[in-house]
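Listed below, chain by chain, are the residues.
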Amino acid sequence: MSGSSASPLASHATGSLRLGVDIGGTFTDFALVDAQGRRVGVHKQLTTPKDPSFAVLEGTRRILDETGIALADLREIVHGTTLVTNALIERRGARTGMLVTQGFRDLFDIGKEQRYDLFDMRLLFAEPLVERAHRAEVPERLRHDGSVLTPLDEEAVRQAVTRLVEHEGIEALAICYLHAYADDAHEVRSREIVQALYPQLPISHSADVFPYRREFERWTTTCANAYAQPLVDSYLSRLEDGLAAMGFAGRLWVIGSGGGLMTPQTARRYPVRLLESGPAAGVLMSARFGVESGRDSILSFDLGGTTAKGALVRQGKPLRAYTFEAAHAYEYRSGSGLLLQIPVIDMTEIGAGGGSIVSLDALGRMRVGPRSAGADPGPACYGRGGTQPTLTDANLALGYLDSRSFLGGRMALDVEAAKRAIGDGVGKTLGLSLERAAWGIHDIANEDIARAFRMHATERGFDYRNCSMVAFGGGGPIHAARIARKLRVPHVIFPAGAGVMSAFGMLSGAQSFETMRACPRALDRLTVDEIATVLGELEAEAAAPLLACGVPRLQITCERRVDMRYFGQGHDIEVPLPPDVAPSAVLGLLPGLFARRYREIFHANLPGPVEIVGWKVEASGPAPERFMTSPNSAGVSGNTIKGERTAWFPSLGGHVTCPVYERLSLAPGMTITGPALIEEPESTCLLDAGDIAVVDERYNLVAEIGAAS
Amino acid sequence: MTARVLDPVDIAIGWDRLISIVDEGAAALIRTSFSTLVREGLDLSVMLFDARGRMIAQSTKCIPVFIGTAPVTMAAMLARHPPQTLQPGDIIVSNDPVIGTGHMFDIAVMRPIFGGDGIAAYAMSITHLPDIGGMGFSAAATEIYHEGLRLPIWKLFDAGRRDENLIDLIALNVRVPDQVLGDIMANVSCIEIVGRQLIDFMNEVGLDSLAPIADAILSQTEAAVRAALTAIPDGIYANALDVEALDEVRRLCCRIEKRGDRVAIDFEGTGPCVGAGINVPFSYTKSMALYTLKCVATPKLPNNDGATAPITVTAPVGCILNAVPPAPSAGRHTIGHFIMPLLFEALAEIVPDRVTAGSGLINMMTFQGRLPDGTPVTTGYFAAGGFGALSGLDGRPTTPGSSNMGSTPTEIFEPLSGLLVESKALRPDSGGAGQFRGGPGQDVVLRNDSGHPMTLFSMANRTQFPALGVAGGMPGARREHLVNGEPIATQGRHELAPGDRLTLREAGGAGFGPPSARPRALIADDIARGFATRDGAARDYGIAQDAAIGPDEA
C-alpha cells in the first residue's frame, strides 16, 4: 500500500492508477483503482465484436472522463479478452500450415478414437484447424528418449514450406514433431530454415508452445497458437497504437488463462494462452476475497448472460489444470471441442445463464439452456422481440429483479412480456401457475449449477461442504444463497462490485509465466545433477519474460511442481516441491513427497516403483497491492432500505413482501436477515429465509446460509 | 413434499438430484480407482434402487454392458438376503458372472440405505477390477474355472464389521492384491457417499419415502419409451450374421417382434459356445440388446427400470449368446460387440434413419515382451476402425463402435511397450461407398524396437466378414494383419522377432444409401481429406477416370 515506490514498474509509469478491462460477450467492463487501494470508478460499455479494441479505447476514455482522471495518471492497464476464444469458435483465424513428422499427417482426422456419448450415434467433433492440404510431412524422427532415429531432412523442410506459402497461401505455420518435448533440436532447426526463407511468417513450434507429452493435444495447441497469432498481433497493435495516440504512457498487460499477467510481446508469441482469460480473472478475485476473510477453501461462482462458471480455491490458490477444451462443435458437449494443453485455472462451465432459454424435453421436463437468447433478441423482458422464456424472465417474474433498477435503471424491463413468455412457453403446457412455473425455472437452474459444481469438486477431491462461496457476475448473487443451500456450503461472500468482478480481477493478478519439461525417468535413475540442470533451465525460462519487463530478480518467486506416478500407471499426480529446498536436496525428498500426496488423493500407497513424468516451474512477480471493490462513498450516505418488494419465497409459503436494501449505503457491521434483496447497479443479492448476512469491514456481505428450508 | 401431490417441478428437481447423487458417487469412484479401465474407459456404473428394489437412477458415466444387468444382480442379492434381515452397515458383494455382467472382473457392491422407519433405498456400484486371478484378461481359458476367483453373494460387511476372511481370500487369489482391495474399498466409499447424499436430499425436501418420486420417474420413463416404440412400425424383423470365433465361424441370429408399444428380441438360431473365453453370458447379451434399442428409440432418456419394462430379451441356453458355466467368458466382448450391428441391420428395414451402417469396430491387442533394458512388460493397444454411415451423416474415421476404449498416444505408448509406431495414417478407400460414406479405418505400422522377442495376442474381427451397408451402401474394407508385408492370422498369438514390422489395416465402416447418390463435390472433398484416392473414388462411384473429381493427393 506504499504507492508507486515499491513497484518494479514505477520506472516506466507516469501515474499511479490502474485500470482493469474485461471484454465479455455482451459488455466490456472497466474497473479503476488508485495507489491507495481505493476504487475510483467502474464502467460498462457494449462490446464491439468487429474490433474489440474500439470498445476498450472508447470505454477507457469514458471512465477517465467520468472520474475526472487524466490519462497520464494511469500507471497500467490490465486487459482480458475473448478474442482467441471467439476466433476458434467462429474459425476466423489465419490460414495455417503445418510441418509434421512423416507418417503422422492424419493425426487430427484419426482423433482420439473415442466417443463422448455412447448413446448418440450422430456425434460431431471439432474440424481440424489446419486442413489436410496444408499439412506437409517431413522426414525426421526421434525416439521417446530424444535420440535421433531419422535425421531431419532440411531440404524437405524448404520444399514443403515453399509449397505451403507459394501455392497454398498460408499465413502462419505450426511445426509439430513427435517427441519434440524430449528434444526440440529438429523443430528449432526447422524454424530457422523457415525464418530464413520467410522472415515475416509467424511460426509456432510444439516444444515451445507447451512441451507436454501426448501428440494430439500438443499439436492441436500448437496449431491453435499459430492460427491465432496474426489476429492477436494486429489486435494488440491497434490497441497499443490507439492508447499511444490518446497519450497513454503506462504499461499494457494481458492476462492469461492461468491468471498471470503477460506483456503484449509474450501474448503475441503464445496467443493460445489468452483463452478464458476474463473468467480466470474473476477466480483470482474470489481467491483474494477468501484470503482477506481468512477462508482457506473457496468455491468461486460466476453467473453471466450465457453460462455459469465454477472454480475451486484451496489455501488461497485457484486449482489449476493443464487441459482445456475450446469451441465445442456439438450441443456444448464436452469432447466435441478442440482439446488443448495450456496452463489454465480449472473451471467448470454449464450453459445456464441469464439469457438461457427454457424448454421442455422429451419427458416433458423443464430444461434451462444450454441455448441462449444472447444479447439479441435477449430475454423476453428486454422487449427486443424475444418471445421464449429465459432465466432472467423468471427472476423478474418472481420479483427478484426490479424492472426499473436493472443496470442502475439504464434499461427498463417488461414484466408482462416475461410473464407471457413463461406462461406460453412452459406454464400452460405443464398446467402450472405462473409463480410455480417461474420458480421451476429458477430452481432447476440452481439444481443444474449445483450439480455441475458437486461433480467438479468431487472429481478433484475437494470437500465443498466446508468451503465458502464467492458469488459474482450479473446473476450470481441472485442464485448463490440457494445453490449454497443445496450444496450445504455454509457461507456465501457477496463482494461489492460483483457485476464487474472480472475487471477487478485483472488488477489482482501478478505477472507470471509457467513452463514445463516432459522427461520421463524412473525415480531410482534420477541424479542430483539432472535435477539441478532441469530446474535451473526451467527457472531461467520461466523468469525470462518477467525479467524482460523489468521485474527485479529478487522479487521473482518460482513455484516448482513435479508430475509423478507409479510406473505404468495411466495418470500422473502433481507433487509440489517445498519453496526453499535446493535442487540438490530434491532427490531425497521426492519419494516421501510423492507417497504423501498420493495418499492424500487415493487414501493408499502401492508397493511399485515410482517415475517422474515432467517438471513444471511457474515464475511470479510480486502480487499487486490490495484494493477495495466498494466505492469510497459506500456506507456514508442515503437510506439503507430503499423500499420493499413482493417476491416469491416458497420456503415462507409463497409471496412475501421483503425489504430491498441499497448496497452502496450499507456500513460495516450491519446485519441483514433474509428474506431480503440487496441491490447495486450491476447486480442484486438474494437472501432466503434463514440466511443472515453481515457487512464486513471491506463492505462485502458475508452470509451464513440457513439450514435446509 | 409428501403432504401434496408432486408437480412437474418437484419431479424434475428430484429426478435431477437422484442422477446427480449417483454421478457424484461415480466421480468419486473414478478418481480413487486403480483400474485403468475404470479411470480411462469408464468401465463402471453407480445405481440407486428404491425400497422395492426398482432401479431409479444410473450414473451418466457408464458403458453399455451395465444397462439392465444391475437389476438382475440386485434381485439375486435380495433373494439371498431379504430386506427384513438387513441391518445398517451391511454391505453385500458378488462377481458371479451368471447374476452379474458376464465376467468375473466386474464386482457389484451394494448397501441398503436406512432412513426414516427402515430401508429407504439401496445403492450399488460396479467396477472392473484390475485383476481377479486365473488366466488374466484374455480369451485363453477353456472353462470358467480357469478365469479366476468367483465370489458368491457374500456380506463383505455385516452390520459394519468387515469379513476379514473374505479379504484374505481375495488377497491370496489375485496378482495385485493392494490394487484389487483398494478398488473394492473405493466402491464401499462410493456407495456410502450415495447413501449420505440421498438421506440429506430426503431431509432437505421433507420426503419420508422415495416411492412417489420413484413411481413418477419409472412411469414417465416407461411412457416415453412406449411412445417411442409405438412410433416404430409393427412387424417381425429378422437378421443373421457370421462372426469369426477362433478358427471357427459362428452364426448369430435375431428376431425382433415389434407389437404396439412392446418389443421382444430373441436370439433363437444362434450357434453354440466355443472352447475359448469369448462366449457371451446372457446378461451381457441382454445389455447389448437393450443398449441398441435405446440408441434407436430413446438415446437421450436417463436410464432406469422404466426404460426396460416394455422390452423382453431371450436367447436359448447354451448358445454363444447365452453361455452358462463351465463355458468361459472373460473376453465376451469379442463376440458380444456384434449384437449391435446384428440388431441394427434387422431394424434398418423399418427405421433406416435411426441406425448406423456397420462399423469397422475396435481392434484390441496385447503385446507381451521386454523393454530394451530387459524389464518384462504387457501392454494393451487399441486401434479403431471406421464408424458406419447414417442417413444424413458420413461415418467418422477411426471411431469405435459398441465398445469405447480410446487410443493411447504414440508418445505414451512407445516407452511403455518397446514398440515404435512408424506411421499411423488414414486408410483411404476403406470406408464403404454410399450416398453417405462409411468412415475410413487406419493403417498402423508398429516395429518391434525392443531388441527382444515379443508376443502379440489378438482377437481381431471383421477379417472375413466386413461391415455391411444399409439402404444400398457398400461394405467397408476388411481388417488385415501383416508382418513384414505377409498376412498373418488375426486371432490367436504371433511371435514378433526384433525389428519385425506389424502392419494393422483397420476395417472401414460401411456406407449408407447408393453410391450413385453421393454428390460429386463431396467425393472431391473425400479425396482432399485423404478419405479416398482418385482411383478408389473412380472405382467405387463409377466415375470415369478422366473426370475432374478434385486434386490428387500427395
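Residues numbered from 1 in each chain as written. Chains lettered and ligands numbered in written order. Predicted model: local features only at pLDDT ≥ 70, side-chain atom pairs only at ≥ 80, totals over all residues.

## Structural notes on the overall build of chain A
Looking only at helices and strands, chain A has 16 helices and 35 strands in total. Here the C-alpha radius of gyration of chain A, 26 Å, is about what a compact globule of 709 residues would show, namely 27 Å. Once local pairs closer than 6 in sequence are excluded, the contacts in chain A between residues at least 24 apart make up 69%. (Helix = DSSP H or I, 4+ residues; strand = E, 2+ residues; numbered from the N terminus. Rg over C-alpha atoms; globule rule 2.2 N^0.38 Å. Contact = placed C-beta atoms within 7 Å.)

## As for the overall build of chain B
Helix and strand content of chain B: 13 helices and 20 strands. Computed over the C-alpha atoms, the radius of gyration of chain B is 25 Å, within 12% of the 24 Å expected from 2.2 N^0.38 for a compact globule of 554 residues. Overall, the C-alpha framework of chain B stretches about 80 × 60 × 40 Å when taken along its three principal axes. Per-residue burial over chain B gives 58% buried out of 554 residues. (Buried ≥ 20, exposed ≤ 12 C-beta atoms within 10 Å, placed from the backbone.)

## Notes on the sheet that holds strand S26 (residues 557-566) of chain A
All names here are of chain A. Spatially, four strands are ordered S25-S28-S26-S27 in an open sheet, and the strand pairing comes out antiparallel. Each edge of the sheet is formed by a strand with only one pairing partner; in this case those strands are strand S25 (512-522) and strand S27 (573-576). Direction aside, the axes of adjacent strands within the sheet are offset by 25° on average. Where S26 and strand S28 (residues 610-620) come together, ten bridges link them in antiparallel fashion. Looking at the pairing, Val 562 lines up with Trp 615 of S28. Taken strand by strand, helix H16 (residues 583-602) contacts S26, S27 and S28, and its axis lies near 125° from that of S27. (Pairing = 2+ DSSP bridges. Axes fitted to C-alpha atoms, helices over the stretch in contact; angles between N-to-C directions.)

## Observations concerning the packing of helix H1 (residues 52-67) of chain A against helix H7 (residues 215-246) of chain A
All names here are of chain A. Close contact between H1 and H7 brings their axes to 9 Å; oriented N to C, the two are set at 25°. By the angle between their axes, H1 is roughly parallel relative to H7. The interaxial crossing formed by H1 with H7 has right-handed handedness. Here Ser 53, Val 56, Leu 57 and Arg 61 of H1 come into contact with H7, specifically with Tyr 235, Arg 238, Leu 239, Gly 242, Leu 243 and Met 246. Taken together, the residues of the contact of H1 with H7 sort by class into six nonpolar, two polar and two charged. (Parallel < 35°, antiparallel > 145°, perpendicular 65-115°, else oblique. Left-handed = near helix turned anticlockwise from the far one by under 90°. Nonpolar A, V, L, I, M, F, W, Y, C, P; charged D, E, K, R; others polar.)

## Details of the interface of chain B and chain A
Chain B puts 59 residues into the contact, and the matching count from chain A is 54 residues. Listing elements by their share of the side of chain B that touches chain A, those giving two or more residues are helix H1 (8-32), helix H2 (36-39), helix H5 (177-205), helix H6 (211-230), helix H7 (282-297), helix H11 (410-417) and strand S14 (419-426) of chain B. Residues belonging to the side of chain B that touches chain A are distributed by class as follows: 24 nonpolar, 17 polar and 18 charged.

## So, the domain arrangement of chain B
Residue and element names in this part refer to chain B. Split by domain assignment, chain B resolves into domain 1 (8-223) and domain 2 (356-554). Counting from both sides, the interface comprises five residues of domain 1 and, opposite them, five residues of domain 2. A class-by-class count of the residues in the side of domain 1 that touches domain 2 yields two nonpolar, two polar and one charged. (Domains from an automatic or database assignment.)

## Concerning the domain arrangement of chain A
By a widespread convention, an interface's size corresponds to the accessible area lost as its parts come together. Domain parsing of chain A yields domain 1 (3-87 + 233-274), domain 2 (356-443), domain 3 (512-620) and domain 4 (641-704). Using only C-alpha atoms to locate each centre, domain 3 of chain A and domain 4 of chain A end up separated by 47 Å.

## Examining the confidence of the model for chain B
When pLDDT is averaged along chain B, the result is 92; 97% of the residues meet or exceed 70. Reported confidence for the predicted complex is 0.91 by ipTM and 0.91 by pTM. (pLDDT = per-residue confidence, 0-100.)

## Description of the pairing of S26 of chain A
The sheet contact formed by S26 of chain A and S27 of chain A spans four bridges and is antiparallel. In the sheet register, Asp 563 of chain A faces S27 of chain A, and the bridge partner there is Glu 574 of chain A.

## Section: the sheet that holds strand S10 (residues 203-205) of chain A
The strands making up a sheet associate through backbone hydrogen bonding, with each pair oriented either parallel or antiparallel. Residues and elements named next belong to chain A. In spatial order, the strands read S6-S5-S9-S10; together these four strands make up an open sheet with parallel pairing. At either margin of the open sheet sits one strand with a lone partner, and together these are strand S6 (135-138) and S10. Averaged over all pairs of adjacent strands, the angle between strand axes in this sheet comes to 20°, irrespective of strand direction. Sheet analysis places strand S5 (residues 96-101) next to strand S9 (residues 172-176), joined by five bridges and oriented parallel. Bridged to Thr 96 within S9 is Ala 172. Where helix H5 (residues 185-197) meets the sheet, its contacts fall on S5, S9 and S10, and the angle it forms with S10 comes to roughly 170°.

## Description of H1 of chain A
Residue and element names in this part refer to chain A. The end-to-end C-alpha distance of H1, which contains 16 residues, comes to 23 Å, matching closely the 22 Å that a straight helix rising 1.5 Å per residue would cover. Within H1, burial applies to Pro 52, Ser 53, Ala 55, Val 56, Leu 57, Gly 59, Thr 60, Ile 63 and Leu 64. The secondary structure elements touched by the buried residues of H1 are strand S1 (17-23), strand S2 (27-33), strand S3 (39-46), strand S4 (74-80), helix H2 (83-90) and H7. At the exit of H1 stands Gly 68, carrying a positive phi of roughly 70°. (Expected span 1.5 Å × (residues − 1).)

## As for unusual backbone geometry
The amide bond that connects Gly 369 of chain A to the next residue, Pro 370 of chain A, takes the cis arrangement and shows omega of 0°. That bond from Pro 325 of chain B to Pro 326 of chain B is cis: its omega, 10°, falls within 30 degrees of zero. If you trace the backbone, Pro 326 of chain B turns up in the loop between strand S11 (311-314) and helix H9 (333-336). Even without being a glycine, Glu 276 of chain A presents a positive backbone phi close to 60°. For Glu 276 of chain A, the location among the structural elements is in the loop between helix H8 (264-269) and helix H9 (277-292). One non-glycine residue, Ala 471 of chain B, adopts positive backbone phi at about 55°.

## Topic: the environment of Gly 536 of chain A
When you line up the elements, Gly 536 of chain A lands in helix H15 (residues 528-548). For the pair Gly 536 of chain A and Pro 583 of chain A, spaced 47 residues apart in sequence, the C-alpha separation works out to 8.5 Å.

## Digging into the nonpolar core
Within the largest apolar cluster, 374 residues are counted, with the highest numbers of intra-cluster contacts made by Leu 99 of chain A together with Leu 48 and Met 124 of chain B. Ranked by residue count, the leading element in this core is H1 of chain B, at 13 residues. Those residues in contact with Met 124 of chain B, other than ones at most four positions away along the chain, are Met 47, Phe 49, Ala 70, Met 74, Ala 108, Val 109, Met 110 and Ile 191 of chain B. (Core = buried A, V, L, I, M, F, W, Y, C linked by C-beta atoms within 7 Å.)

## Remarks on the environment of Gly 408 of chain A
Residue and element names in this part refer to chain A. Secondary-structure assignment places Gly 408 in the loop between helix H10 (391-397) and helix H11 (415-430). According to the C-beta neighbour criterion, Gly 408 is exposed, with 12 such atoms within 10 Å. Sequence spacing of Gly 408 and Ala 267 is 141 residues, and the spatial spacing of their C-alpha atoms is 35 Å.

## Some words on the confidence of the model for chain A
This prediction gives chain A a mean pLDDT of 90; 96% of its residues lie at or above 70. Segment residues 1-13 of chain A: pLDDT under 50, and 28 contacts once partners within four positions in sequence are set aside and those in other chains are kept.

## Notes on the packing of H15 of chain A against H16 of chain A
Residues and elements named next belong to chain A. Look at H15 against H16: their axes get within 8 Å of each other, and the N-to-C directions meet at 115°. H16 is crossed by H15, and the crossing has right-handed handedness. Residue-level contacts link Val 528, Ile 531, Ala 532 and Leu 535 of H15 to Pro 583, Ser 584, Val 586 and Leu 587 of H16. A breakdown of the residues in the contact of H15 with H16 according to their chemical character gives seven nonpolar, one polar and no charged.

## A word on the environment of Lys 44 of chain A
Residues and elements named next belong to chain A. Tracing the backbone through its elements, the reader meets Lys 44 in strand S3. Accessibility expressed as a C-beta count within 10 Å gives 23 for Lys 44, which makes it buried. Each C-alpha atom, one on Lys 44 and one on Thr 26, is 9.9 Å from the other, the two residues being 18 residues apart in sequence. Residues within four places of Lys 44 in sequence aside, it is in contact with Phe 27, Asp 29 and Val 500.

## Some points on the pairing of strand S17 (residues 480-483) of chain B
All names here are of chain B. In this structure, S17 lies alongside strand S20 (residues 501-505), joined through four bridges in antiparallel fashion. Bridged to His 481 within S20 is Leu 504. Strand direction decides the pairing type here: S17 and strand S18 (residues 486-487), joined by two bridges, are antiparallel. Paired with Leu 482 across the bridge in S18 is Pro 487. Here S17 hands over to S18 after two residues, with Asn 484 in that stretch at a positive phi of 50°.

## Thoughts on H7 of chain A
Here H7 of chain A contains 32 residues, and its C-alpha end-to-end distance of 45 Å stays within 8% of the 46 Å for a straight helix at 1.5 Å per residue. Remark: the principal bend of H7 of chain A, roughly 40°, maps to Gln 229 of chain A, with a proline, Pro 230 of chain A, within the next four residues. (Bend = angle between axes of the 7 residues up to and from the residue.)

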